[in-house]
Amino acid sequence: MKQCRLIITMILIFFISFIFAKSSSKFKYFITKENNLLMQGEEVFRFISYNIPNLNFVEDELTFTRKHAYGLPTEYEIRDALESTKQMGGRVVRTYTIPVRKQNENENIPKYVLAPGEFNEEAFQCMDTMLAVANQVGIRLIVPLLNNWKWMGGRPQYAAFRDKPADEFWTDPQLREDFKKTIEYVLNRKNTVTGVKYKNDRAILCWETGNELQSPQEWTHVMIEYIKSIDKNHLVMDGRSDPVINDRVINDPVTDIVTTHHYESNPEKMLDHINQSIKKVKNSDKAYIIGEFGFFGTPAIEKVLNTTISQEIISGSLIWSLRYHREKGGFYWHSEPLGRGIFKAYHWPGFPSGEEYDERNLLELMREKAFEIQNKPIPERYPPSPATLLPIDNIANIAWKGSAGASGYDIQRSHSQAGPWETIEKDISDASVQYYPIYHDQSAQIGRSYYYRIISKNKAGSSKPSNVVGPVKVEMQAIVDNMEDFMQMYHNQGRLRVATEDDRKFKEDMDRVEVAKNSRIVYYIPGNIINYKIFLFCQEEKDVMDVYLSEKGKDYKKSKTSSENYFEGQGDYGYWYPILYQANQKIDNKSYISLEFIEEAQISRVEIYYE
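The rules behind the values
Residues numbered from 1 in each chain as written. Predicted model: local features only at pLDDT ≥ 70, side-chain atom pairs only at ≥ 80, totals over all residues. Heavy atoms only, no water. Helix = DSSP H or I, 4+ residues; strand = E, 2+ residues; numbered from the N terminus. Rg over C-alpha atoms; globule rule 2.2 N^0.38 Å. Buried < 20%, exposed > 50% of the residue type's maximum accessible area, 1.4 Å probe, protein only. Contact = heavy atoms within 4.5 Å. Areas by Shrake-Rupley, 256 points an atom, 1.4 Å probe, with all protein chains shown as cover. Lys, Arg positive; Asp, Glu negative; His and termini not counted. Charge placed at Lys NZ, Arg CZ, Asp CG, Glu CD. pLDDT = per-residue confidence, 0-100. Salt bridge = Lys/Arg side-chain N within 4 Å of Asp/Glu carboxyl O. Polar contact = N/O pair within 3.5 Å; in protein donor to acceptor, adjacent residues only side chain to side chain. Pairing = 2+ DSSP bridges. Expected span 1.5 Å × (residues − 1). Phe/Tyr/Trp six-rings, centres within 6.5 Å; stacked < 30°, edge-to-face > 60°. Axes fitted to C-alpha atoms, helices over the stretch in contact; angles between N-to-C directions. Parallel < 35°, antiparallel > 145°, perpendicular 65-115°, else oblique. Nonpolar A, V, L, I, M, F, W, Y, C, P; charged D, E, K, R; others polar. Left-handed = near helix turned anticlockwise from the far one by under 90°.

Thoughts on the overall build of the protein
Within the protein one finds ten helices and 32 strands. In terms of C-alpha radius of gyration, the protein reaches 27 Å, essentially the compact-globule figure of 25 Å for 611 residues. With the C-alpha coordinates aligned to their principal axes, the bounding extent of the protein is approximately 80 × 60 × 55 Å. Out of the 611 residues in the protein, the part that is buried amounts to 59%. Long-range pairs, those at least 24 residues apart, make up 72% of the contacts in the protein with a sequence separation of at least 6. As displayed, the protein has an accessible area near 25700 Å², and 47% of this comes from carbon and sulfur atoms. Counting 76 positive and 84 negative side-chain charges, the protein places the averaged centre of each group 4 Å from the other.

Written as structure tokens, this is what we have:
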């Protein structure tokens, strides 16, 4: 009887959750088209917003001790991305494509398409969550179905499944049928969160045939017809994205929306291309979206946004690109291959770490223009929601799940869970370090126990306090050097410099110290060293450093170390070898540590623990 009641209760809970999920969408209408205009019911639908290429698949999980960079975003991460977009006035996000497994790829990489007609349920449940959150937050999605390029897998991988050249993808009957299996599966998939089939989901603005496709128009025509034979609700955008719209694209009667991408070296050339496309669209019945643009200074971006607003025939523009908070603390980072060594993915609301590409001013401009294109006044900013403080294993490794729109955080500490609370640090940025813990409590006393909480802040005010974590017993202190300068070093000799270029090769670490062969770095520790961790990069798999210890800064003796290599290939970015050195012996009465380099290296971070 009890078991029967339990089953009935579970069914009722599922039914209530199901009804709630279905009714929680903020969307009343599908997006439709009247001549050149996108429509939301009776309203002309226009937008200025963002590409978020890791919204359905993470390619930037670059924790030092992780061997591959891929994963699936959590619900918190997806929600942070879409809430950030909403705070900036965005109404639309363009995702990246449906990821496809590559030959000989690590099987732990959670691609969506595993083989022709074989799909990864875990990955698609992530997409289910993405669509559910988009409905709840009120953000429409443009979903490209295929990638022209190898990034995340696409056309070349479909061909490789059948041992055929990539260029045959467009014409080979078997490869066409393989891709149609993906289309059919995606459109007919029933969302495990909302119970709504993708083809019936109003959060989807349109399907895009793919990203930057170079397909024959006949292939595109066939695939759009196939999409529309399954899905009667959604518009379809041709994924060919030349800087000027191709005549064959705009003359195809089955296409609803056309797009262009812009990474010209000269902004005037970009604007000329956009104006040429406007003229072509005016002589058609197509809607026009600027699907990607970026990597220019703020004045050039403003010109594109003003052109978008003034030309009603442009439905919207999507800048490249936005990244969001990580579940493990901080943000995801991405150096842009076309960004000339300057541009990275943006983080809302902008931080000092983005000064080189004017991140704060650019994002404020995007927000202003996002509301202007909707003919709405810029709304007041609100204080951020509370962040979530993560478990603390030691006081050198404090991190939190950030709050969308927070520009900084105050760190508070107490000897009791009930307080009183002392603010020990103000306005800490969670965009100041990449893939390491955000904060180190340098003032904590060894032997004491503390409780911690944080306050999220922005221009509009402060949040309520976060959750409380503790008690944290301080068993050791640490020197933590994130290599922003040389000021934590006691002494150095040889050729050293702070390196801030080619960050992608170094797991996106923005501040490193490049050390030449035969150079030396010494740290003085105000106590007895217990352990050390040296995170560094080198170009070959070999020993590059010896560690020496001393009690009084003389008569150094070589320390036994262990090293672990976290390299999994150079990949598409020319990754260096990430090597972690640690003590491999008990250390007695030593206060000086000397790092002596027998080969060139770049140091990412130094942690030295002492009592």
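A short note on the confidence of the model for the protein
Atomic detail in the predicted coordinates should be set aside for any region of low pLDDT. Residues with a pLDDT of 70 or more make up 96% of the protein, whose mean pLDDT is 95. Below a pLDDT of 50 lies the segment residues 1–23, which in the model reaches six contacts outside its immediate sequence neighbourhood of four places, other chains included.

Digging into the side chain of Asp80
Tracing the backbone through its elements, the reader meets Asp80 in helix H2 (residues 75–87). Within the buried set, Asp80 has no salt-bridge partner at all; the shortest N-O distance to an opposite charge, 9.6 Å, is to Arg79. Only 2.9 Å separates the side chain of Asp80 from the side chain of His325, close enough to count as a polar contact. Asp80 has contacts with Tyr324, His325, Gly402, Ser403 and Ala404, leaving out every residue within four places of it along the chain.

Here's the deal with the sheet that holds strand E22 (residues 491–493)
Reading across from one edge, E22-E25-E31-E27-E28 is the order of the five strands in this open sheet, with antiparallel pairing throughout. Edge positions in the sheet fall to E22 and strand E28 (557–558), since each of these pairs with one other strand and no more. Bridge count for strand E25 (residues 520–524) against strand E31 (residues 592–597) is five bridges, and the pairing is antiparallel. Across the sheet, Val522 pairs through a bridge with Ser594, a residue of E31.

Details of helix H5 (residues 173–188)
A rise of 1.5 Å per residue sets the reference length of H5, with its 16 residues, at 22 Å; its end C-alpha atoms lie 22 Å apart and thus fit the reference within 8%. Where H5 is concerned, the buried positions are Leu175, Arg176, Asp178, Phe179, Lys180, Thr182, Ile183, Val186 and Leu187. With a side-chain oxygen positioned 2.9 Å from the backbone nitrogen of Gln174, the residue opening H5 is Asp172.

Examining helix H10 (residues 359–372)
The first and last C-alpha atoms of H10 sit 20 Å apart over 14 residues, in line with the 20 Å expected at 1.5 Å per residue. Considering only its buried residues, H10 is in contact with strand E4 (47–51), H2, helix H9 (298–310) and strand E13 (314–320).

What to know about unusual backbone geometry
A cis amide bond links Trp320 to the next residue, Ser321, at an omega of -10°. Mapping Ser321 onto the fold places it in the loop between E13 and H10. For the bond from Gly470 to Pro471, the omega torsion is 0°, close enough to zero to count as cis. Assignment of secondary structure puts Pro471 in strand E20 (residues 469–473). For Phe295, which is not a glycine, the phi torsion comes out positive at approximately 65°. For Phe295, a relative accessible area of 4% gives the class buried.

Here we look at the sheet that holds strand E1 (residues 31–34)
The strands that make up a sheet pair up through hydrogen bonds in the backbone, lying either parallel or antiparallel. Spatial strand order, E1-E2-E3: three strands in an open sheet with antiparallel pairing. Of all the strands in the sheet, just E1 and strand E3 (43–44) have a single pairing partner and so form its edges.

Here's the deal with the packing of aromatic side chains
The geometry of an aromatic ring pair is captured by the separation of the ring centres together with the interplanar angle, meaning the angle of the planes. Scanning all chains against the criterion turns up 35 aromatic pairs. Taking the centre distance of 5.9 Å and the plane angle of 50° together, the rings of Phe169 and Trp219 count as tilted. With Phe169 in the loop between helix H4 (155–161) and H5 and Trp219 in helix H6 (residues 217–230), this residue pair connects regions lying 50 residues apart in the sequence. The exposure classification of Phe169 matches that of Trp219, with both residues buried.

Considering the environment of Glu177
If you trace the backbone, Glu177 turns up in helix H5. You can call Glu177 partly exposed: its relative accessible area is 43%. The spatial distance from the C-alpha of Glu177 to the C-alpha of Pro116 is 8.9 Å, given a sequence separation of 61 residues.

Focus: the packing of H9 against H10
Between H9 and H10, whose axes approach to 11 Å, the crossing angle comes to 5°. With respect to H10, the element H9 is oriented roughly parallel. Contacts from Thr298, Ile301, Glu302, Leu305, Asn306 and Ile309 of H9 reach H10 at Leu362, Leu365, Met366, Lys369 and Glu372. Taken together, the residues of the contact of H9 with H10 break down into six nonpolar, two polar and three charged.

A short note on the pairing of strand E2 (residues 37–40)
As paired strands, E1 and E2 are joined by four bridges and run antiparallel to one another. Among the inter-strand pairings, Lys33 is bridged to a residue of E2, identified as Leu38. In this antiparallel pair of consecutive strands, E1 and E2, the connection spans two residues, and Asn35 shows a positive phi of 55°. Between E2 and E3, which follow one another and run antiparallel, lie two residues, and Gly41 among them has a positive phi close to 65°.

Description of the environment of Arg79
Residue position: Arg79 is located in helix H2. When neighbours within four sequence positions are excluded, Arg79 is seen to be in contact with Val133, Gln136 and Val137.

Overview of the packing of H2 against helix H3 (residues 121–137)
Two numbers describe how H2 lies on H3: the axes approach to 10 Å, and their chain directions differ by 35°. Between H2 and H3 lies a crossing of right-handed hand. Where H2 approaches H3, its residues Glu75, Ile78, Arg79, Leu82, Glu83 and Lys86 are matched on the opposing element by Cys126, Thr129, Met130, Val133, Ala134, Gln136 and Val137. Classifying every residue of the contact of H2 with H3 by side-chain character gives seven nonpolar, two polar and four charged.

Concerning the pattern of salt bridges
Close approach of charged atoms allows side chains with opposite charge to pair. Throughout the structure, instances matching the rule amount to 43 salt bridges. Between Arg504 and Glu508 there is a salt bridge, with the nearest N and O atoms lying 3.0 Å from each other. A salt bridge links Arg605 to Glu607, with the shortest nitrogen-to-oxygen separation between them at 2.7 Å. A relative accessible area of 1% means that Arg605 is categorised as buried.

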